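Structural features, examined
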Amino acid sequence: MRQRSLIAITAALAAGALTLTACGSRDEGNGGSDTSGGTKIVIGVDAPLTGDLSAMGLGIKNSADLAAKTANKEKYVEGITFEIEALDDQAQPSSGQQNAATFVANKDILGVVGPLNSGVAESMQKVFDDAKLVEVSPANTGPTLTQGPKWETEKVRPYKSYFRTATTDAIQGPFAAQYLYNKAKKTKVFVIDDKKTYGAGLAGTFTKEFEKLGGKVVGTEHIDPETKDFSAVATEVKSSGADVVYYGGEYPQAGPLTKQIKAAGAKIPVAGGDGINNPAYMDLGGDAATGDFSTSVGAPVETLDSAKEFVANYTEAGYKEPYAAYGGYSYDSAWAIIEAVKKVVEDNDGKLPDDARAKITEAMQNVSFDGVTGKVSFDEYGDTTNKQLTVYKVEGGEWKAVESGTYTG
Amino acid sequence: MNELPQQLVNGLLLGSMYGLVAIGYTMVYGIVQLINFAHGEIFMLGGFGAITVYLYVLPDGTTLWVALPLMLIGGIIVAVLAAVGAERLAYRPLRTAPRLAPLITAIGLSLALQQAVWAWYPDAKESVNFPQIDGGPFEIGNVTIQTGDIFLLVAAPISMAVLAYFVMKTRTGRGMQATAQDPDTAKLMGINTDRIIVVAFALGAAFAAVGAVAYGLKYGQVQFRMGFILGLKAFTAAVLGGIGNIYGAMLGGVALGLAEALSTAYISDIPGMDQFGSQSWANVWAFALLILVLLVRPQGLLGERVADRA
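Given the structure is predicted, the values throughout are model-derived calculations rather than measurements.

1. Regarding the overall build of chain A
- When helices and strands are counted, chain A shows 13 helices and 14 strands.
- By the compact-globule yardstick of 22 Å for 409 residues, chain A fits well, its C-alpha radius of gyration being 22 Å.
- Projecting the C-alpha coordinates of chain A onto the three principal axes gives extents of approximately 75 × 65 × 45 Å.
- A total of 409 residues make up chain A; the buried ones form 60% of that total.
- A separation of at least 24 residues holds for 73% of the contacts in chain A among residues at least 6 apart in sequence.

Pasting the structure below:
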């Protein structure tokens, strides 16, 4: 009997372990296509490829892949072929850090696109910086990542190897506040966040600007992103008399939240940042999402001339998933790495230098090109110089752009 | 506006759901002294069983009045099969092993089931949308009740009544009581204890499946991860009510749900407690309540058996 029980435990644990490993290896590197001749350079991609945020993560992966393929097709850098290797961070800082270590260990990797979440980026920055491996995020908006923890008073860039093509929440939050107060004429806001790096930061910069404009915060709440029951919060929103809700967080919680707020009888719009700007928001929120607002970085990709080619190529490449909120930025992030590689290779008589990683990181600072999302270049903190933002509103089950603008202090 | 009645209803609804799942923990513990940590995943499988019937078995556009009973049956079948299978493969071989062994199998099984759904169910990597009952919410005075919650409001008391009848009045039910009191003597009296144990697992799974359908209707989606936190809460509810006591499971669930809703709404109103009152603190207060109750009554609110057995 003892023997049998031992076998049973082992079998059960083995079954558990096997399924776990299966998910680990599932989404690894199905990258570039033709590697015929020349030097192969791998661009790492780190994003949530599974889990609640995978709709955004897969868009990042596909768009980076498209950039690599386009560079190969055009023979953009003589003698170099690019391919991508994508790792799944499941939106978890711990997985992100492991992935960062994996990328650093692979000598073929000379640049990384990603991650999606600011909290994940925090865990990866130092790993990359120690290896002088350049990281370009298409989606992180937390201000501390580039300007240090005391960014409001004293800007200090913590890591020289970190860049991003997305604007920060230092701009996004106030931009939303100005729109809601000045244009949408909302004066009483109920602020909710998920206590994560991104959500809490965004809610903070929003609140500050909204109060400065003369608006009133009639209530605040922090939700637990692991639960689905927001009924107690929804009841509070209703009885607070707010005329708008601002949510700092992401769509997996925002969708159910807007639904439960409306169901509780508060017929007021929910507004949020780029974290809720995803089609999945409407799937989760249903009809309740109609009239809700979100802001997102840049102008809508479809309206830019520079992006038409990207959209056409993306469709032609036949990716299964849409490019989602960060497609254009991911393409530009990958392309920035390609531009930096090009510069380094050309300066070194057409070959990769020995300290390619450090050289590429250095070259990134001066990269400048016309990308999908407009002019792509970086300021002294590694932030994008493109400070454009857009307000979106849910109409007929999709996010419709209301107005684009540049935030000015 | 006075929001207290609404918050009480919120807590009651949440608590009834905990209670439905807690019944499974409490019955299995009462009979075999096993904390079935895979029960949360049985609950999750119930939800996926129900949604499978809706998405892949029924023709598109079936009205919910026809679909819902069939989904409920589908969910119950899947959950019961999984629970009975788990009992046969993972727990029965270990019945005479030290008590820690089946506990570890349970945790392994819970991970395996979660990952299995994640890996093989189409689109389960994100939330899977659950059909919703149409029609506006009902307003009773200050209180709003969602259409999706009506199922829960009806299902929870009916489930309790059915369970009470089963345990008190039927032969198998009395067999369960006997086995719970003393398995060896029960066996000598001619009770097939193996069958009784299977029945306990199956019943618990059926109630968990009812809870899962209620979850789907309430939140509009099911996820492969939904069993973990909810299972933990339900287990807490079972301990709070007195593990081994089926009425205690329901009472513990309701107490936990109310603690969560009321702490979210009111703790921040207490001067100096501002930062401890948000919904992200609800779990802290729920567990504080558990510790408090266990300090005063180690056997739980209604329980009597746990003190000498655990």
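2. Examining unusual backbone geometry
- Note the cis peptide between A:G114 and A:P115, where omega equals -5°.
- Among the structural elements, A:P115 can be located in the loop between β3 (109–113) and α4 (118–130).
- If you check the backbone angles, A:D349 has positive phi at about 55° while not being a glycine.
- Looking at the secondary structure, you find A:D349 in the loop between α12 (327–347) and α13 (356–364).
- The exposure class assigned to A:D349 is exposed, which follows from its relative accessible area of 69%.
- Notably, B:D123 is not glycine yet its phi reads approximately 65°, a positive angle.
- For B:D123, the position within the fold is in the loop between α4 (100–120) and β1 (128–129).

3. Focus: the side chain of A:E339
Residue and element names in this part refer to chain A.
- Among the structural elements, E339 can be located in helix α12.
- Although E339 is buried, it forms no salt bridge, and the closest oppositely charged side chain is K342 at an N-O distance of 6.4 Å.
- Once residues lying within four places of it in the same chain are set aside, the contact partners of E339 are Y76, V367 and F369.

4. Quick word on helix α11 (residues 282–296) of chain B
All names here are of chain B.
- Given a rise of 1.5 Å per residue, 15 residues ought to cover 21 Å, and the 22 Å separating the end C-alpha atoms of α11 matches this to within 8%.
- All buried positions along α11 are accounted for by A282, N283, A286, L290 and V293. Looking down the long axis of α11, one finds its buried residues gathered within 105° of arc, a one-sided arrangement. Structural note: α11 exposes I291, L292, L295 and V296 on the side pointing more than 90 degrees away from its buried face.
- Buried residues in α11 make contact with α9 (226–241) and α10 (246–266).

5. Regarding the sheet that holds strand β14 (residues 398–406) of chain A
Residue and element names in this part refer to chain A.
- Read from one edge to the other, the open sheet built from seven strands follows the order β7-β6-β8-β9-β10-β13-β14, with strand pairing classed as mixed. If you trace the sheet from one side to the other, it starts and ends with β7 (216–222) and β14, each paired once. Between one strand axis and the next, the sheet turns through 25° on average, direction left out of account.
- Bridge count for strand β13 (residues 388–395) against β14 is eight bridges, and the pairing is antiparallel. Residue pairing in the sheet places V391 in a bridge with E403 of β14.
- The sheet strands contacting helix α9 (residues 251–263) are β6 (188–193), β8 (244–248) and β9 (270–272), and the helix crosses β8 at an angle near 160°.

6. Concerning the packing of helix α1 (residues 4–32) of chain B against helix α8 (residues 193–219) of chain B
All names here are of chain B.
- Between α1 and α8, whose axes approach to 9 Å, the crossing angle comes to 165°. Between α1 and α8, the interaxial angle falls into the category roughly antiparallel. Handedness of the crossing formed by α1 with α8: left-handed.
- When its residues are assigned to classes, the contact of α1 with α8 shows 20 nonpolar, three polar and one charged.

7. Let's talk about the nonpolar core
- Counting residues in each nonpolar core, the largest one holds 106 residues, and the members touching the most others are A:F82, A:I192, A:Y281 and A:M364.
- Of the residues forming this core, the biggest block, eleven residues, is contributed by α12(A).
- Ranked by size, the runner-up nonpolar core spans 86 residues in total, among them B:L13, B:A38, B:L109 and B:L256.

8. Re the pattern of salt bridges
- Summed over all chains, the structure comprises 22 salt bridges over all chains.
- With its nearest N and O atoms 2.6 Å apart, the salt bridge here joins A:R164 to A:D383. Pair noted here: A:R164 is in strand β5 (residues 162–164) and A:D383 is in the loop between β12 (374–377) and β13, with a separation of 219 residues, a long-range link.
- Linking B:R95 and B:D194 is a salt bridge whose minimum nitrogen-to-oxygen distance equals 2.6 Å. One end of the pair, B:R95, is in the loop between α3 (64–91) and α4; the other, B:D194, is in helix α8, and 99 residues separate them in sequence.
- Overall, the relative accessible area of 33% leaves B:R95 in the partly exposed class.
- Looking at B:D194, the relative accessible area reads 29%, which means it is partly exposed.

9. Points about the UniProt feature "transmembrane region" (unreviewed entry) in chain B
Residue and element names in this part refer to chain B.
- The UniProt record marks residues 12–35, 42–58, 64–86, 98–121, 150–168, 196–216, 247–268 and 280–296 with the feature "transmembrane region" (unreviewed entry), using the residue numbering of this structure.
- Secondary structure across residues 98–121 comprises 88% helix and 0% strand; the distance between its end C-alpha atoms is 35 Å.
- This span, residues 196–216, is 100% helix and 0% strand, and a straight line between its end C-alpha atoms measures 30 Å.

10. Notes on the interface of chain B and chain A
- Of the residues lining the interface, 47 residues belong to chain B; the matching set on chain A comes to 42 residues.
- When the area that chain B buries against chain A is broken down by residue, the three leading residues are B:W118, B:Y219 and B:Q279, summing to 16%.
- Counting across the chain B and chain A interface gives two salt bridges.
- In this structure, B:R225 and A:D52 form a salt bridge, with 3.9 Å as the shortest nitrogen-oxygen distance.
- Linking chain B with chain A are 14 residue pairs in polar contact (both at pLDDT 80 or more), by the criterion used here.
- Taken together, the elements giving at least two residues each to the side of chain B that touches chain A come down to α1, α4, α8, α9 and α10 of chain B.

11. Overview of the packing of α1(B) against helix α5 (residues 147–169) of chain B
All names here are of chain B.
- Viewed as axis vectors pointing N to C, α1 and α5 meet at an angle of 35°, and their least axial separation amounts to 9 Å. Viewed along their axes, α1 and α5 form a crossing whose handedness is left-handed. Only D149, L152, L153, A156, S159, M160 and L163 of α5 make contact with α1, whose side of the interface consists of L13, S16, M17, L20, I23 and M27.
- Classifying every residue of the contact of α1 with α5 gives ten nonpolar, two polar and one charged.

12. Points about α12(A)
All names here are of chain A.
- With 21 residues, α12 ought to run about 30 Å at 1.5 Å a step, and its terminal C-alpha atoms sit 30 Å apart, in line with that.
- A large share of α12 lies buried, amounting to 18 of its 21 residues.
- Count one or two residues on from α12 and you reach D349, which has phi positive near 55°.

13. A short note on the sheet that holds β5(A)
Residues and elements named next belong to chain A.
- The sheet built from five strands is open, its strands ordered β2-β1-β3-β4-β5 with parallel pairing. At either end of the open sheet lies a strand with only one pairing partner, and these are β2 (80–88) and β5. Averaged over all adjacent pairs, the angle separating strand axes in this sheet is 25°, with direction ignored.
- As paired strands, strand β1 (residues 39–47) and β3 are joined by four bridges and run parallel to one another. What sits directly across from V42, in β3, is I109.
- Across the sheet, helix α2 (residues 54–74) lies against β1, β2 and β3, angled at about 170° from β2, the strand it touches most.
- Helix-sheet contacts for α4 involve β1, β3, β4 (134–137) and β5, and the interaxial angle to β4 is about 160°.

Criteria and thresholds
Throughout, residues of each chain are indexed from 1 in the direction in which the sequence is written. As a convention, the first chain written is A and the first ligand written is 1, with the rest following in written order. In keeping with the predicted nature of the model, local features appear solely for residues at pLDDT of at least 70, side-chain atom pairs appear and are counted solely at 80 or more, and the whole-chain, interface and lining totals rest on all residues. The side-chain values count all of the structure's non-hydrogen atoms but skip hydrogen atoms and water molecules. Elements are defined by DSSP. Helices are runs of H or I of four residues or more, strands are runs of E of two residues or more, and each kind is numbered from the N terminus. Only C-alpha atoms enter the radius of gyration; for comparison, a globular chain is expected to reach 2.2 Å times N to the power 0.38, where N is the number of residues. Exposed residues in this analysis have more than 50% of their type's maximum accessible area, buried residues have under 20%, and partly exposed residues fall in between, with area computed by a 1.4 Å probe over protein chains only. In what follows, a contact means two residues having at least one pair of non-hydrogen atoms within 4.5 Å. Residues scored as charged are limited to Lys and Arg (positive) and Asp and Glu (negative), so that His and the chain ends carry no count. Criterion for a salt bridge: a side-chain nitrogen of Lys or Arg within 4 Å of a carboxyl oxygen of Asp or Glu. Helices are assigned an expected span. That span is 1.5 Å times one less than the residue count. Directions are taken from the helix axis to each C-beta atom, and the arc is the one they span. Criterion used throughout: strands pair if DSSP finds at least two bridges between them. Here, axes are lines fitted to C-alpha atoms. For helices the fit covers the stretch in contact, and angles between N-to-C directions go from 0 to 180 degrees. Any angle that is under 35 degrees is reported as roughly parallel, and any over 145 degrees as roughly antiparallel; angles of 65 to 115 degrees are reported as roughly perpendicular and all others as oblique. Throughout, a crossing is termed right-handed when the near helix is turned clockwise from the far one, and left-handed when it is turned anticlockwise from it by less than a right angle. Following the grouping adopted for this structure description, the nonpolar residues are Ala, Val, Leu, Ile, Met, Phe, Trp, Tyr, Cys and Pro, the charged ones are Asp, Glu, Lys and Arg, and the polar ones are all others, Gly among them. The definition of a nonpolar core used throughout is a set of buried Ala, Val, Leu, Ile, Met, Phe, Trp, Tyr and Cys residues joined through side-chain atoms within 4.5 Å. UniProt positions are given in the numbering used here, feature names are shortened, and annotations may be inferred rather than shown by experiment. The buried area of a pairing is the accessible area, by a 1.4 Å probe, that goes missing from both parts when the two are put together, added over both. Counting of polar contacts relies on pairs of N or O atoms within 3.5 Å, with two restrictions inside protein: one atom must be capable of donating a hydrogen and the other of accepting it, and residues adjacent in sequence are counted only when both atoms are side-chain atoms.

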